[in-house]
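An overview of the molecular structure
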Amino acid sequence: CIRDRYYVDETGVRVELEIGLNALNAFRNLMPEAIYREMGFSELPNEERLAQFFSRDMAVLVNGRPLPAYIKAMGPSRRVLRDPINGTPLPVQDEAPEVIRATLVYPFPAGAPPGELSFTSPRNIDIGFVLYHKGVAVNDYRYLSPGYQLTLDWEDPWYSSFNAYQLKRSYAAPMSGFIYVENFEVRKEIIVRPKDLQRWLDLGLEGREEIPVELQPEIRKKVGDFLSQHHPVTIDGEPVSGILESVNFLARTLTRSRVIDPPEPLRLDAAIMGAIFVFPRSGLPQEVVMEWDLWDERITRVPVSAVDQAGPLPSYLEPDWPQLTWTNYLKNPIIPTMYAVQE
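This one's a predicted model, so the numbers in the text were calculated from it and none came from an experiment.

What counts as what
- Residues numbered from 1 in each chain as written.
- Predicted model: local features only at pLDDT ≥ 70, side-chain atom pairs only at ≥ 80, totals over all residues.
- Heavy atoms only, no water.
- Helix = DSSP H or I, 4+ residues; strand = E, 2+ residues; numbered from the N terminus.
- Buried < 20%, exposed > 50% of the residue type's maximum accessible area, 1.4 Å probe, protein only.
- Areas by Shrake-Rupley, 256 points an atom, 1.4 Å probe, with all protein chains shown as cover.
- Core = buried A, V, L, I, M, F, W, Y, C linked by side-chain atoms within 4.5 Å.
- Contact = heavy atoms within 4.5 Å.
- Salt bridge = Lys/Arg side-chain N within 4 Å of Asp/Glu carboxyl O.
- Pairing = 2+ DSSP bridges.
- Phe/Tyr/Trp six-rings, centres within 6.5 Å; stacked < 30°, edge-to-face > 60°.
- Lys NZ or Arg CZ within 6 Å of the ring centre and 35° of its normal.
- Arc of directions from axis to C-beta.
- Axes fitted to C-alpha atoms, helices over the stretch in contact; angles between N-to-C directions.

Now for the overall build of the chain. Across its full length, the chain carries 4 helices and 25 strands. When the backbone C-alpha atoms are referred to their principal axes, the chain occupies close to 80 × 55 × 40 Å. Buried residues in the chain amount to 43% of all 343 residues. Of the accessible surface of the chain, which amounts to about 18600 Å², a share of 51% is contributed by carbon and sulfur atoms.

Turning next to the nonpolar core. One finds Leu197, Ile219, Val223, Val288, Met290 and Trp292 to be the most contacted residues of the largest nonpolar core, which totals 41 residues. Among all residues touching Ile219, those that are not within four sequence positions of it are Leu203, Leu205, Ile211, Phe249 and Met273. Counting 37 residues, the second-largest nonpolar core is a separate cluster that includes Met31, Leu67, Val138 and Phe162.

Moving on to the pattern of salt bridges. Scanning the model with the defined rule gives 17 salt bridges in all. Between Arg56 and Asp57 there is a salt bridge whose closest N-O contact spans 3.1 Å. Measuring nitrogen to oxygen at the nearest pair gives 3.9 Å for the salt bridge that ties Asp140 to Arg142. Here Asp140 falls in the buried class, since its relative accessible area comes to 13%. By sharing partners, the salt bridges in this structure join Asp156, Arg193, Lys195, Asp196, Arg199, Asp269 and Asp296 into a single network.

Our next topic: the sheet that holds strand S4 (residues 65-66). Paired through backbone hydrogen bonds, the strands of a sheet run either parallel or antiparallel to each other. One open sheet accounts for 5 strands, arranged S4-S3-S7-S11-S12; its pairing is antiparallel. Pairing within the sheet leaves two strands with one partner each, and these edge strands are S4 and strand S12 (161-162).

A word on the pairing of strand S21 (residues 272-280). The element S21 is extensively covered by neighbouring structure, given that 7 of its 9 residues are classed as buried. Here strand S14 (residues 185-192) runs beside S21; their pairing, made up of 8 bridges, is antiparallel. Considered in S21, the bridge of Arg187 is made with Val278. Of the strand pairs in this sheet, strand S18 (residues 243-252) and S21 are connected by 7 bridges, and their pairing is antiparallel. Counted as the bridge partner of Leu250 is Ile272 from S21.

Further remarks concern the packing of aromatic side chains. Per the counting criterion, the structure on display carries 11 aromatic pairs. Both rings, one in Phe54 and one in Tyr106, keep their centres 5.6 Å apart while their planes meet at 85 degrees; by these two values the pair is edge-to-face. Of the two residues, Phe54 sits in helix H2 (residues 46-57) while Tyr106 sits in strand S6 (residues 98-107), which places them 52 residues apart along the sequence. Ring centres of Phe129 and Phe162 lie 5.9 Å apart, and the angle between their planes is 90 degrees; this geometry places the pair in the edge-to-face category. Note that Phe129 is positioned in strand S8 (residues 127-133) and Phe162 in strand S12, a separation of 33 residues in sequence. Here Phe129 falls in the buried class, since its relative accessible area comes to 1%. Through a chain of ring-to-ring contacts, three or more aromatic side chains come together here, namely Tyr6, Phe119, Phe129, Tyr148 and Phe162. Between Arg252 and the ring centre of Tyr171, over which it is positioned, the NZ or CZ distance is 3.9 Å.

Listed as buried for H2 are Arg49, Phe53, Phe54 and Asp57. Each buried residue of H2 lies within a common arc of 125 degrees when the element is viewed along its axis, so the set occupies one face.

Moving on, we get to the sheet that holds S21. With respect to topology, 7 strands assemble into an open sheet ordered S19-S18-S21-S14-S13-S23-S24, the strand pairing being mixed. One side of each edge strand has no neighbouring strand; the edge strands of this open sheet are strand S19 (257-259) and strand S24 (311-317). Geometrically, the sheet is characterised by an average inter-axis angle of 25 degrees between neighbouring strands, direction not taken into account. Summarising the sheet, S18 and S19 pair through 3 bridges and their orientation is antiparallel. Counterpart to Arg252 in the pairing with S19 is Ser257. Seen against the sheet, helix H4 (residues 216-227) touches S14, S18 and S21 and runs at an angle of roughly 125 degrees to S18.

Geometry only, nothing functional implied.
Here it is as structure tokens:
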């Protein structure tokens, strides 16, 4: 009944709340005087109620102390209907129920953005939330609970994280790899963040916060050329060279990945790319091996998956276990055949 989005930057925390009408009781200390009295609660000065709300009900804490906060805007509205899995807005909003929409601001002390934040929330009520640090989603759409602690990486917000495992977002890895095995083709896909790849390859991104459209073709070419020299593949024991099929900037959600087309300016911290290499074959191979060869202090564990007719087989690679191996265990593989068509 509550939708909540936190936005964290160097100035402070901004909270965008959608409060369902059936949840007003839990948020009574935030309500205007007229609504509070209409709900039948005993008289309590507005200043005292807001102090309770920002220090107890819905506090943002630094070193155990609540940040001072204020209401920037509040009023009646309609709920934004969202996908129940990933929280993205749905294309049709005709059935959206009435809500009270509020914007709350928790400023940081001047020049002192903290390294950690803790959160409280009204009890006995579900609050679905996503937190963004400098535009990067730290968690998938989940439910807020008191005591969650957020560690902030101000150098690279991609690596900001909560202390709770259930708040680890699905696509938290800065790099990942996939092998797709079919009857007449093997494909290798490498997913990378340009900001991480910048440590090996000068992409002209130093000092930038955004990747403008005019730079993207050059970046795609540099990334394709660079990745062509890495993550070698062997098929049935023979080293093979792949054909670079595509390099694109991607948008990823829990349900799908898509190429960003037409191009648009992208925040550097959140931008990701995908490169696909194709290895034509005369039939179904017996073994495919990809070796991961990009490691540093940030890239220490890489999620990978080998995919065939039976489905994906996910795993992880590490510096002392750097090879993704697919072995043909298909007992009855489906092999495409050609048939003569009578006219």
